[in-house]
Amino acid sequence: MSLLEVKGLKKVYKTRLGGASVEALRNVSFSVEEGEYVAIMGESGSGKTTLLNILAALDKPTAGTVLLDGKDFAHIKESAVAQFRRDNLGFVFQDFNLLDTFSIEDNIYLPLVLAGKSYAEMKKRLAPIAEQLGIGDILKKYPYEVSGGQKQRAAVARALITSPRIVLADEPTGALDSKSTDELLRLFGEINRRGQTILMVTHSMKAASHALRVLFIRDGEVFHQIYRGESTNEQLYQKISDTLTLLAQGGDRR
Amino acid sequence: MKTGYYSRLAVDGIRKNRRLYLPYLLTCVLMVAMFYILSYLSRASFMAHIGGGSGLAWVMHLGSFVIAVFSVFFLFYTNSFLIRRRKKEFGLFNILGMDKRSISRILFRESLIVALVALAFGLGVGIALSKMAELALVNLVEGDITFDFTIPKQSVLLSLVIYGALFLLIFLNAVRQVRFSKPIELMRSENFGEKPPKANWLFGLAGFALLGAAYYIAVSIENPIAALSWFFIAVLMVIAATYLIFIAGSVLLCRILQKNKGYYYNKKHFVSVSSMVYRMKRNGAGLASICILLTMVLVMISSTTCLYYGKEDSLKTRYPRDISVTVNFTQLTPENDGKIAALRETVDRLAGTYNADMLRHVDYREAEISGSLEEGGYLEVDVRLVDAVDFGKLVTVHFVPLEDYTRMYGKTLALGEGEAAAFGLKKVEIPESITIAGKSIRIVETLDALDVDGLNTAEMLTHIFLIVPDLDRALEGLLDLVDYNGNRMLQFGWHYAFDTDIEPAAQIRLVQEVYAAVRAEKDKDPSAIRSYYSASREADRQDFYSMYGGLFFLGLMLSIVFLVAAVLMIYYKQISEGYEDQSRFDIMQKVGMTKPDIRKSINSQMLTVFFLPIVFAVLHLAFAFPMIRKLLLLFNLNNVPLLIFTTAISILVFSAFYAVVYRITSNAYFSIVSDAKAE
C-alpha cells in the first residue's frame, strides 16, 4: 500500500455571483510511496496550488479521494483536521509563513506547542534538526533579523520537527536567491535520503531536477511523469526541459 | 465630467471604508451636536431668571470650550487611522498614473462630504435636542421652564466656523501625508517589519513603584486641605505610572512570563503571551490614554452626581439655620454686650412682624485667632516664624464663653480655671492642650457637636471651638497680639441664627430687613462694629442648585463625549489590528492551529486589550475614593454612602456600555479576520 494515494481528484470552483464554474482539477490520480521525493510541475493555472491545498486538507475536493496510510481525508471530522494536519503533514511555503511575533526557535516549536509537548521534549527534538539545517546560531533571533535562506531553513525545521509522514512544499525556492536555492535543495535531498517523504510543488526546473520523480500537471490532469532512475541532476534537468518544451508545443501524452 | 469622476471615487471611498468611516462620521456629528447644545445653553433665556444663572452660563460656556478643544485632538487622532488605511488605495491610484493633485481632489471631496454631513447632521441633532437638554438642565437646577424655542445665530455660526475650520485642518493634514510620501511607501504603509519590543526593567518597575506611591498618598491623606494639594501630585503620579505600566510594565510582565518555560510553552499561553507583547508595544500609550480618560470620566461623573444629589446636605451644612446674622466687634466690652442685646431684640421683633416662630436658636459670642497648629498643640500665631506654611495646619481657634453655651443648650459643663471643652470642624485632631503666645488651655472634654456659624463650616481651613468658663480670663495676654500690619489678631463677633416656619419669600424679605437693621446699628457707632453679614438659606438655595445642577449636567455631557471617544479609540485600534492579523491568522491555521483555538486566543487578547483600561480605571478610582471623599468635604458634603452609591452606579453603567461596544467591536474584528479566508 502506498503512503499517499490520490484517486480521481476533481475540484470545481463556483464564482460567488452567477453560475459560472471553473474546473481547477479534472481528474488527478497518482500515488506516493514511503521515502519518495516527488516534484509536481505545471504552469500557472494548471491546478498545482489547488492540488496542494487539497493534499494539505485546507480544501475539500469536489470528487475523488485522498488516502494517507489508507485513511480518507474526506472522512476526517472538521474539528480533527487541524490535528490531523499537525500530526501527519509538514509544510514549507514559498513566503516562509513565519510569525514575526515569535523568535525563530518559537516559530519552530509552534506545532509542538499546539500538540501539547513538553518544553524538554521540544528542545530534545530541535537539537539535531537545527544542526542538520545549520540554524543553531539564529534560534534566538527574530524573522526580520535573518536572511530569506535562513527563514526558509527555519520553516523547514518547523515542518520536520513533528516528524511528519509527508513534507508538503509549495514553491519552496520561489522567494530565494540562487545560492540559497542550491542550499535548500541540497538539504531537501539530504533529508529525503534519511527517509523523509517529500512532495514538492514547483515550476522551477532546477528545483524539480533534485526530485526522484517529477509529475507534470496540465489543465487539471496528470499529463506525464519522469522517474530519475540513474540520472544525475543535470540529466534529469534536461529531461524535464524536454518535457516542458513538448508541453508548451501542445503535444499529446506520450 | 471629470469632476463627476472624482466625486464618484470619493463617494466610493467612503462607502467601501464604511467600517472605518461610519464611526468617524458619528463622532463628528456627536461633537458638533454637543458643542452646539452647550453653546446654546450658555445663551439660553431661562438663565437670566434664576439665581446663579450667570455662573451656570459660564459653566456651559466652559463646557463648550472643552468640547471644542477635545474635538481637535480627538478628530485628528481618529482621522489618522482612516488615512493610514486609505494610503494603500491612494498608492495604487498613484501607481496607476493618477497624480497627487488628483488624489488631493478626491481627498477634498471626501472631506467635503464628511464635513457637510457632520455639520448638517450635527447641527440638526443639536438643534433638535437643544430644547430637551435645556428642559433637563432647568429640571436639574429646579428653575422655571420656558416654552419658547430659539436657535441662536451665534451658536450656529460658532459651530460652523469652529468645526468647518477643524475639518479644513484635518483635510490639509491628510493632503500633507499623501503629498510627502512616495507611492511605494503609500502601498506599504500598513505593514512594515517590526522589532520585537525589549523589556525595559527600569521603566517597568518605576511604573509599578510610582503607582504604589500614588496609591499610598491617596489612602493615607487625612486632612482635606492637604488632600487638595496632594491630589494634583497624586494625579500626575498616577498618569505617569499608568503610561509606564502600560508601555513598559506590560512588556516586562510578558517577558517574565516567557522566561517561565513551563508556562510559556503551553498551548493556552504560547500565542497569547507573545502577541500581547506586540499589541502592548503598539497600543500601550493609547491604552494608557484611554485608561486615564476613563478614570477622569469616572471621577467626574461620580463626584458631580454625588454633589448634585447631596446638594441639600451641602446647603444645610453651609446654612445650618434658615436665617443667620453675624456681627464683628472691635472688642467684647459690657457696652458692646448691650448692643448685642439690642440687636437681638430688634431681630426678634422683626421676626415677630412676620409672625415667625423662631426655632433652634444659635446665639453665641466669640473671640477668634488664627495660626499654625504645631506639634503638641502649640499655635504659632506669627506665620512668619513658621518655616513653610502648611495649609493643612492652619487653624482658627474660637473662644466661646460657657455662659453662651449654657444659654443655647440649657446645660452647663464642668470646667475649671484654664480648662476648656473643645469642638473641631473638618475632623481635626484635638490636642490635649492648646498653647497660644505662652498661655496654655487644657482641654478636658471633646464635644461631638456644636452649632456654629455655617461660614466656618464652609471654609476650607480648620476651626477649633473652645468653650471657656471665663472669656476675659482666657483672653488675658492675647489682646495685645498684633500682626505685622499692627492689627490686633483677636477678632470678636456675635453670631445669631434660627429656623423659622414662614414662607421662603418671607424669609428672604425678613433677612433683608435684619441686614438693614444691623447696618443702622453700625451707622450709629462705626468704631464698635467692624463688619456684619446676614444670610438666608432660601435666598441662596437657587444659587446652590444652579451651580451643582450645572456641574452635574456638564459632567454628564462631558462623560458621554469622553466615553464615546475612549470607546472609539479602542474600536479603531482593534479594527486596524484586525487587518494586520489577517495574515497571522492564516499562517497559524496552516501550521495546525484549529479555528476555535485561534478564536479563543484572539478573544482572550481582545478581552485584555479592551478591559485592561477599565480595570485600571476602576482601580484608580477605588484608590482615589478616600481623596475624593475629602475633597467633597470642602464642598460641605460628607455623605459617604451617597458617594459609594454614585461611584458604584457610574462604574456599572460604564461597564455595561463598554460590554456592548466590546460585542460590536469583536464582531467587526472577526468578520475582518475571516474575510481573509474567503479571498
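Please read all numbers here as calculations on a predicted model, not as lab measurements. (Residues numbered from 1 in each chain as written. Chains lettered and ligands numbered in written order. Predicted model: local features only at pLDDT ≥ 70, side-chain atom pairs only at ≥ 80, totals over all residues. Heavy atoms only, no water.)

1. Comments concerning the overall build of chain A
- Per the secondary structure count, chain A includes 8 helices and 10 strands.
- Against the compact-globule benchmark of 18 Å for 254 residues, chain A has a radius of gyration of 18 Å, which places it among compact chains.
- On the principal axes, the C-alpha backbone points of chain A span a range of 55 × 45 × 40 Å.
- Here chain A holds 254 residues, and the buried ones make up 54% of them.
- Accessible surface, chain A: about 11,400 Å² in total, of which carbon and sulfur atoms supply 48%.
- Of the charged side chains in chain A, 33 are positive and 31 negative; the average position of the first set lies 3 Å away from that of the second. (Helix = DSSP H or I, 4+ residues; strand = E, 2+ residues; numbered from the N terminus. Rg over C-alpha atoms; globule rule 2.2 N^0.38 Å. Buried < 20%, exposed > 50% of the residue type's maximum accessible area, 1.4 Å probe, protein only. Areas by Shrake-Rupley, 256 points an atom, 1.4 Å probe, with all protein chains shown as cover. Lys, Arg positive; Asp, Glu negative; His and termini not counted. Charge placed at Lys NZ, Arg CZ, Asp CG, Glu CD.)

2. Topic: a nonpolar patch on the surface
- Residues Phe65, Val69, Val72 and Phe73 of chain B make up a contiguous nonpolar surface patch of about 390 Å² in total accessible area.
- Inspection of the secondary structure assignment puts phenylalanine 65 of chain B in helix H3 (residues 53-95). (Patch = residues over 30% accessible without salt bridge, like charges linked within 9 Å, V, L, I, M, F, W, Y side chains within 5 Å. Salt bridge = Lys/Arg side-chain N within 4 Å of Asp/Glu carboxyl O.)

3. Focus on the pattern of salt bridges
Residue and element names in this part refer to chain B.
- Across all of its chains, the model carries 34 salt bridges over all chains by this definition.
- When the shortest N-O distance is used, the salt bridge between aspartate 337 and arginine 365 registers 3.0 Å. Taken together, the positions of aspartate 337 in helix H12 (residues 334-353) and arginine 365 in strand E2 (residues 359-374) put the pair 28 residues apart, joining distant regions of the chain.
- With relative accessibility at 28%, the residue aspartate 337 sits in the partly exposed group.
- According to the relative accessible area criterion, arginine 365 is buried, its value standing at 12%.
- Among the salt bridges present, the one from lysine 524 reaches glutamate 521, with a minimum N-O distance of 3.4 Å. Pair noted here: lysine 524 and glutamate 521 are both in helix H16 (residues 504-524), with a separation of 3 residues, about one helical turn.
- Note on lysine 524: relative accessible area 65%, which makes it exposed.
- On the accessibility criterion, glutamate 521 (12% relative accessible area) is buried.

4. Considering the pairing of strand E3 (residues 37-41) of chain A
Residue and element names in this part refer to chain A.
- Counting buried positions along E3 yields 5 of 5 residues, so the element is predominantly enclosed.
- Neither face of E3 is open: one carries Tyr37, Ala39 and Met41, the other Val38 and Ile40, and all of them are buried.
- Of the pairings in the sheet, the one linking E3 to strand E8 (residues 197-202) comprises 5 bridges and is parallel in character. Paired with valine 38 across the two strands is leucine 199, which belongs to E8.
- Relative to strand E9 (residues 213-218), E3 runs parallel, the two being bridged by 4 bridges. Counted as the bridge partner of methionine 41 is phenylalanine 216 from E9. (Pairing = 2+ DSSP bridges.)

5. Some thoughts on the domain arrangement of chain B
Residue and element names in this part refer to chain B.
- Considered domain by domain, chain B is made up of domain 1 (1-192), domain 2 (196-320 + 541-554 + 574-679) and domain 3 (321-540).
- Here the C-alpha centre of domain 3 lies 48 Å away from the C-alpha centre of domain 2.
- Across the contact, 18 residues belong to domain 2 and 20 residues belong to domain 3.
- Between domain 2 and domain 3, the buried area comes to about 1,700 Å², and carbon and sulfur atoms account for 53% of it.
- Viewed at the interface, domain 3 and domain 2 are joined by 1 salt bridge.
- Residue arginine 541 pairs with glutamate 538 through a salt bridge whose shortest N-O separation is 2.7 Å.
- Our enumeration of links across domain 2 and domain 3 arrives at 9 residue pairs in polar contact (both at pLDDT 80 or more).
- Secondary structure elements with two or more residues in the side of domain 2 that touches domain 3: helix H8 (224-259), helix H11 (311-318), helix H17 (537-591) and helix H18 (595-634). (Domains from an automatic or database assignment. Contact = heavy atoms within 4.5 Å. Buried area = accessible area lost by both parts, 1.4 Å probe. Polar contact = N/O pair within 3.5 Å; in protein donor to acceptor, adjacent residues only side chain to side chain.)

6. A look at the interface of chain B and chain A
- Facing 23 residues of chain B, the contacting portion of chain A comprises 25 residues.
- Of the roughly 2,400 Å² buried between chain B and chain A, counting both surfaces, carbon and sulfur atoms make up 68%.
- Three residues stand out in chain B for area buried against chain A, namely Tyr265, Lys590 and Val591 of chain B, and they jointly supply 28% of the buried area on that side.
- There are 0 salt bridges connecting chain B and chain A.
- Where chain B packs against chain A, one counts 2 residue pairs in polar contact (both at pLDDT 80 or more).
- Going through the elements one at a time, helix H9 (261-264), helix H10 (270-309) and H17 of chain B are the ones with two or more residues in the side of chain B that touches chain A.

7. Considerations on the environment of glycine 35 of chain A
- Following the sequence through the fold, glycine 35 of chain A ends up in the loop between strand E2 (21-32) and E3.
- In this structure, the C-alpha to C-alpha distance between glycine 35 of chain A and glutamine 196 of chain A, residues 161 residues apart in sequence, is 5.4 Å.

8. As for H11 of chain B
Residues and elements named next belong to chain B.
- Here H11 has its buried residues at Lys311, Ser314, Leu315 and Arg318. Seen along its axis, H11 keeps its buried residues to an arc of 100 degrees; they face one direction.
- Each element contacted by the buried residues of H11 is listed here: H10, helix H14 (454-458) and H17. (Arc of directions from axis to C-beta.)

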